[in-house]
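# Report on the structure
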Amino acid sequence: KASYGDAMDNTQYELNVANAFADYKMNPQWKVRAEGSYTFAYDVETAGNYWGSYGQSKKDVNRANLYVSIDQNSAKNRFRFAPYYTNDKNPNYTDNTDKGYISFTSTVKEYGYQLQDGYKLGNLNLLTGHDVKVYNYTSTRYSAIGTPTNPYKPNNKFTNIALFGQASYSVQNLQVNAGVRYDRFDYHIDANPGLTAPDANAHYNTVNPSVGVQYSFLSDLKAHASFGTAFSVPDAFQVAGKYSVSGKSYVGNADLNPEKSRTTDFGLTYASAKTGLKLDVSYFHTFYDHKIVESKLVSGEYTYINANQSLMDGIELVSSFNFGKYICHTLNLEAYANFTWML
């Protein structure tokens, strides 16, 4: 309670962002957009705890983002190709004094593209696509100036290649959609003797379908239901990391399996343009295969394991009210209230 109303030390920083973008419309159907930004900051103060007993440090921020999109729009076809590149480098210092040196630097590069092509055939809409994503993580850590030490996790890289398709059909008050996505994950971890992490490669292939239906009735009501599956690859921290957080020591588990989940939900939506009120109540049910959870070892360290089984279900209420329509019919000024009850 002594901290109430008090100032938190070591929390100041200046952030600089430079942006540039260009739009070029080649003809009524085709256009190109390019956007780039560079964010940089030096001596960003990090507060640590309130008493100043640890964490009084600073870091630098260097972040570059580049996005390009090529779009084509016609009455029956929508095409998009969008490559991107990001580079995020963050040097961290031992403390916030002039004598502090860079003890840890991490660099994350992400790049790839998204390709989508949509067709409209009467009441039927078809969408096909292809995604490529590359994630590359490297880091260096020093115990003293010029003295390397073990990193928190080994350098790692993964490539995700995906193909997907989706169909949506509408007739009167009924809308049905179904889709499927195929993903290929290629995962590589560099060898690091200090973390007892060998050179490792993993390959995952997964197919995830989804289906949904909506039916409108009584002008303002809509019933909806959906089913879908999902897939998640474990992080290198969980597979081959070694680090401490708030006094807890963690070690990776090389035998960790990816997560897979199956989710079903259904509910009822009320939306009135006349009153500006929207309400939705939904029940959701998710069953996990190989849910990744934290576990304590006999040594006192913590690691990650796959749970034998895991279930999550609950009820979610989402509501909003547009006050703006009572001021001006074109004004949106909404208040939101959401509630989730985990069963």
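Residues numbered from 1 in each chain as written. Predicted model: local features only at pLDDT ≥ 70, side-chain atom pairs only at ≥ 80, totals over all residues. Heavy atoms only, no water.

### What about the overall build of the protein?
The helix and strand inventory of the protein stands at one helix and 19 strands. Summarising its shape, the C-alpha atoms of the protein cover approximately 70 × 55 × 50 Å along the three principal directions. When burial is assessed residue by residue, the protein has 31% of its 343 residues classed as buried. Long-range pairs, those at least 24 residues apart, make up 56% of the contacts in the protein between residues at least 6 apart in sequence. Taken as two groups, the 30 positive and 31 negative side-chain charges of the protein have centres that lie 5 Å from each other. (Helix = DSSP H or I, 4+ residues; strand = E, 2+ residues; numbered from the N terminus. Buried < 20%, exposed > 50% of the residue type's maximum accessible area, 1.4 Å probe, protein only. Contact = heavy atoms within 4.5 Å. Lys, Arg positive; Asp, Glu negative; His and termini not counted. Charge placed at Lys NZ, Arg CZ, Asp CG, Glu CD.)

### Thoughts on a nonpolar patch on the surface
A grouping of Leu-268, Leu-279, Val-281, Ile-315, Leu-317, Phe-339, Trp-341 and Leu-343 is seen on the molecular surface, where their side chains present a nonpolar patch of about 710 Å² in accessible area. Those elements that place two or more of their residues in the nonpolar patch are β15 (277–289), β18 (310–322) and β19 (334–342). By secondary structure assignment, the location of Val-281 is in strand β15. Using a relative accessible area of 40% as the deciding quantity, one classes Val-281 as partly exposed. (Patch = residues over 30% accessible without salt bridge, like charges linked within 9 Å, V, L, I, M, F, W, Y side chains within 5 Å. Areas by Shrake-Rupley, 256 points an atom, 1.4 Å probe, with all protein chains shown as cover. Salt bridge = Lys/Arg side-chain N within 4 Å of Asp/Glu carboxyl O.)

### A few points about the layout of surface pockets
Of the volumes computed, that of the largest pocket is approximately 340 Å³. What lines the largest pocket is a set of 20 residues, among which Ile-189, Pro-198, Val-239, Ala-240 and Ala-254 lie closest to the centre. Elements that contribute at least two residues to the lining of the largest pocket include exactly β9 (174–189), β10 (200–217) and α1 (236–240). If one sorts the elements of the lining of the largest pocket by residue count, β10 sits on top with four residues. Looking at side-chain class alone, the lining of the largest pocket contains 14 nonpolar, five polar and one charged residues. Roughly 230 Å³ of internal volume is contained in the second largest pocket. (1 Å grid on protein atoms, 1.4 Å probe; cavity = no way out; pocket = protein on both sides within 12 Å on 5 of 7 lines; lining within 4 Å. Points joined across faces, edges and corners; volume = space filled by probe spheres on them. Nonpolar A, V, L, I, M, F, W, Y, C, P; charged D, E, K, R; others polar.)

### What to know about the packing of aromatic side chains
Evaluated as defined, the whole model comprises 18 aromatic pairs. Ring centres 6.3 Å apart and planes at 50° place the aromatic pair Phe-40 and Tyr-42 in the tilted group. With relative accessibility at 24%, the residue Phe-40 sits in the partly exposed group. Arranged with centres 5.4 Å apart and planes meeting at 55°, the rings of Phe-81 and Tyr-113 form a pair that is tilted. Placement of Phe-81 in strand β4 (residues 77–93) and of Tyr-113 in strand β5 (residues 102–121) is noted, with a sequence separation of 32 residues between them. On the basis of relative accessibility, which here comes to 27%, the residue Phe-81 falls in the partly exposed class. Since its relative accessible area comes to 24%, Tyr-113 is described here as partly exposed. Members of the aromatic cluster, joined through ring pairs, are Tyr-135, Phe-158, Phe-185, Tyr-187, Tyr-204 and Phe-231. (Phe/Tyr/Trp six-rings, centres within 6.5 Å; stacked < 30°, edge-to-face > 60°.)

### Quick notes on the pairing of strand β3 (residues 57–73)
Where strand β2 (residues 30–46) and β3 come together, 15 bridges link them in antiparallel fashion. Paired with Val-32 across the strands is Ile-70, a residue of β3. Pairing of β3 with β4 involves 11 bridges; the strand directions are antiparallel. The partner of Asn-73 across the bridge, within β4, is Arg-78. Turn length for the β3-β4 hairpin, with the two strands adjacent in sequence and antiparallel, is three residues. (Pairing = 2+ DSSP bridges.)

### Observations regarding the pattern of salt bridges
Summed over the entire model, instances satisfying the criterion amount to 12 salt bridges. Notably, a salt bridge pairs Asp-23 with Arg-33, separated by 2.8 Å at the nearest N-O pair. Taken together, the residues span a long stretch of sequence, with Asp-23 in strand β1 (residues 16–25) and Arg-33 in strand β2 at a distance of 10 residues. What makes Arg-33 partly exposed here is its relative accessible area of 30%.

### Let's talk about the environment of Tyr-42
For Tyr-42, the position within the fold is in strand β2. Each C-alpha atom, one on Tyr-42 and one on Gly-52, is 21 Å from the other, the two residues being 10 residues apart in sequence.

### Digging into the side chain of Asp-60
By secondary structure assignment, the location of Asp-60 is in strand β3. Among buried Asp, Glu, Lys and Arg side chains, Asp-60 stands out as unpaired, with Lys-58 the closest opposite charge at 7.0 Å. At 3.0 Å, the side chain of Asp-60 forms a polar contact with the backbone nitrogen of Asp-43. Discounting chain neighbours no more than four positions away, the residues touching Asp-60 are Ala-41, Tyr-42, Asp-43, Lys-89, Asn-90, Pro-91 and Tyr-93. (Polar contact = N/O pair within 3.5 Å; in protein donor to acceptor, adjacent residues only side chain to side chain.)

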